[in-house]
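Take a look at the letters that make up each chain.
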Amino acid sequence: MRIKSYIFFLLPSFTLISLFILYPIIFTIFLSLHKWDGLSPMKYVGLENYEYIFNWRTFWLSFKNNVVWMLIHMPISLILGLALAVLLRQRIVARNVARTIIFIGMVIPDVVAGIIWMFVYDPRIGMVNAALEFLGFKSHGWLTDPKTAIYAMIIASIWVWTGFTMTTYIAALEEIPRELYEVARIDGASSWQIFRHITLPLLKPATVTTVVLTMIWDLKIFGLVYVLGGRAVPEFIYVLAYLVYKEAFIAFHMGRASAIAIMLTLIVLLSSAYMIRRMVKT
Amino acid sequence: MKKINAKLVVVNLLAWTIAIVWLMPFIGLFMTSVRPFRELTHGWWNFEEAHFTLENYIEAFERGMGKYLLNSLIITVPSTAIPIFVAALAAYAFSRFSFPIKDLLFITLVFIQIIPSILVLIPLTILLREMRLLNTIIGLVLIHSSFAQPWIIFFLRNFFLTLPKEIEEAAKIDGCTDFQIFMKIVLPLSAPALGSVASLQFLLVWNEFLFALIFLKSPELWPVTIGVTVLSQSQYIANWGLLSAASIIAISVPLILFLLIQKYYIRGLVMGAVKG
């Protein structure tokens, strides 16, 4: 009787997962070994697609943009998130309103966040350029200049994501027992010493999880690029997820797109190896 | 005492300066949406001549935002309810039964939680086409339901583990089947956890963009995320008022929902992230 029970409980979920996730994963691996435009018969080409992308400038450019994104966005979002968490745990007037404001980026679709920042950077009616002109600098097309576009988008992504890092840090800080601080204070420790030697070490587990989740988010970035790139997303702001989309659904290089998607997945899995190990253990 | 107050003032000033700067882009969006087009050429912060108008909103609704809102709702409600029920069943199995391939299934869940969804978009397009579900809301709901499985299973499994087993054991002795116990005892006891999951999943689906972009081609099926994005790329790009009004409409539902159920939402997010 009991044996039948668990199968019944698991069946709906794993039917969905097998059909719509596991089978498609296998199919993608299969596709990555073929040349296919979505219409004519598939042609087996072995590892040719992988060979192609490894020698393809655009692939490495997209990869580089993801890495740059991660290297800038992650530390800033983390440090800013922690700073805001500490700050917004003080006795602040309407503290919850302030927290909610920082969190807005997490509540809205990232395509709308993209539109909001399109306004901010606009050369004619945007705040950034108006402020610069006021200060005597020249207005600049932040999103259209290949030198600045990626950084402008990274700033937008900090605005979107910092609400998340702040919130996890606030939760982690609340779990630290008050007594620890009181004891340290009685022993004559300064605020900085307490932060450095009690708070920071105790925040390590939360930090590790947040780092991994931030890395995964950075690698999967799509909506912001899609919107901030405008009608024709320029190559200098390509990221891997966007390249997969473009190759698959605009250029119809299904095999190549699959190979890129697999590389992206491997990078994501590698970046989250630590968290996977921990989750598997529980 | 005086020193403490001075510090408090500084901390308050700092916190609120940051909060206001942080809110600026959003205020910009809002101001752009409620002022006439001609006033915006000097920037939304210029109030020399300031008029309030709902023209942009009216135009946004005329250009389909009402329909998109309705579509978002039609997509999001089942994409929240179905995966939660299905995942709750599986989570119950993981928390109460032991079975041979439990570890293998669990590890599978961990992996599919992490892989980017873009990995499977091409096969899913083919699959949905073969099932005659491409370009249908049912197809999209099925995809959302599948991808939500891992995180909801983890979340609810952790919650079910905290529920006392005694009531369930007593019910069993009284002759209840496992399914009855699940429906009549476990689910009602899990109301707060289900609330957290539902609010998180609702916002995730409402804000989702990529699946809808690929699987829904007909404009009459588009959710708000696709609606505003297409608007932002249309020839009316210079019409900032219209675009900002459409954006405000698109985020009104998640924003209001978030303000109403903030506690549930944050708890869900934090439990998912910190414990995850």
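Residues numbered from 1 in each chain as written. Chains lettered and ligands numbered in written order. Predicted model: local features only at pLDDT ≥ 70, side-chain atom pairs only at ≥ 80, totals over all residues. Heavy atoms only, no water.

1. Some remarks on the domain arrangement of chain B
Residues and elements named next belong to chain B. Split into domains, chain B comes out as domain 1 (1-53) and domain 2 (57-272). One C-alpha centre belongs to domain 1, the other to domain 2; they are set 34 Å apart. Contact with domain 1, which involves seven residues of that partner, is made by 11 residues of domain 2. For the pair domain 1 and domain 2, the summed buried surface comes to about 680 Å²; carbon and sulfur atoms form 79% of the total. Three residues, Leu29, Ser33 and Phe37, lead the burial of domain 1 against domain 2; their summed loss comes to 58% of the area buried on that side. Here domain 1 is connected to domain 2 by zero salt bridges. The tally of links from domain 1 across to domain 2 stands at two residue pairs in polar contact (both at pLDDT 80 or more). When residues in the side of domain 1 that touches domain 2 are grouped by element, the largest group, six residues, is from helix 1 (residues 2-34). (Domains from an automatic or database assignment. Contact = heavy atoms within 4.5 Å. Buried area = accessible area lost by both parts, 1.4 Å probe. Salt bridge = Lys/Arg side-chain N within 4 Å of Asp/Glu carboxyl O. Polar contact = N/O pair within 3.5 Å; in protein donor to acceptor, adjacent residues only side chain to side chain. Helix = DSSP H or I, 4+ residues; strand = E, 2+ residues; numbered from the N terminus.)

2. What about the packing of helix 4 (residues 65-96) of chain B against helix 10 (residues 191-207) of chain B?
Residue and element names in this part refer to chain B. Axis separation between helix 4 and helix 10 bottoms out at 9 Å; the angle between their running directions is 140°. With respect to helix 10, the axis of helix 4 lies oblique. As helix 4 runs across helix 10, the sense of the crossing is right-handed. Only Leu194, Val197, Ala198, Gln201, Phe202, Val205 and Trp206 of helix 10 make contact with helix 4, whose side of the interface consists of Leu69, Ser72, Leu73, Ile75, Thr76, Val77, Ser79, Thr80, Pro83 and Ile84. Of the residues belonging to the contact of helix 4 with helix 10, the class tally is 12 nonpolar, five polar and no charged. (Axes fitted to C-alpha atoms, helices over the stretch in contact; angles between N-to-C directions. Parallel < 35°, antiparallel > 145°, perpendicular 65-115°, else oblique. Left-handed = near helix turned anticlockwise from the far one by under 90°. Nonpolar A, V, L, I, M, F, W, Y, C, P; charged D, E, K, R; others polar.)

3. Some words on helix 5 (residues 110-121) of chain A
Residues and elements named next belong to chain A. With 12 residues, helix 5 extends 16 Å from end C-alpha to end C-alpha; this agrees with the ideal 16 Å at 1.5 Å per step. Counting buried positions along helix 5 yields 11 of 12 residues, so the element is predominantly enclosed. Taken together, the buried positions of helix 5 are occupied by Val111, Val112, Ala113, Gly114, Ile115, Ile116, Trp117, Met118, Phe119, Val120 and Tyr121. (Expected span 1.5 Å × (residues − 1). Buried < 20%, exposed > 50% of the residue type's maximum accessible area, 1.4 Å probe, protein only.)

4. Overview of the side chain of Thr58(A)
Residues and elements named next belong to chain A. With respect to the secondary-structure elements, threonine 58 resides in helix 3 (residues 57-87). Its relative accessible area of 6% is what places threonine 58 among the buried residues. Setting aside anything within four residues of it in sequence, one finds threonine 58 in contact with Glu235, Tyr238 and Leu243.

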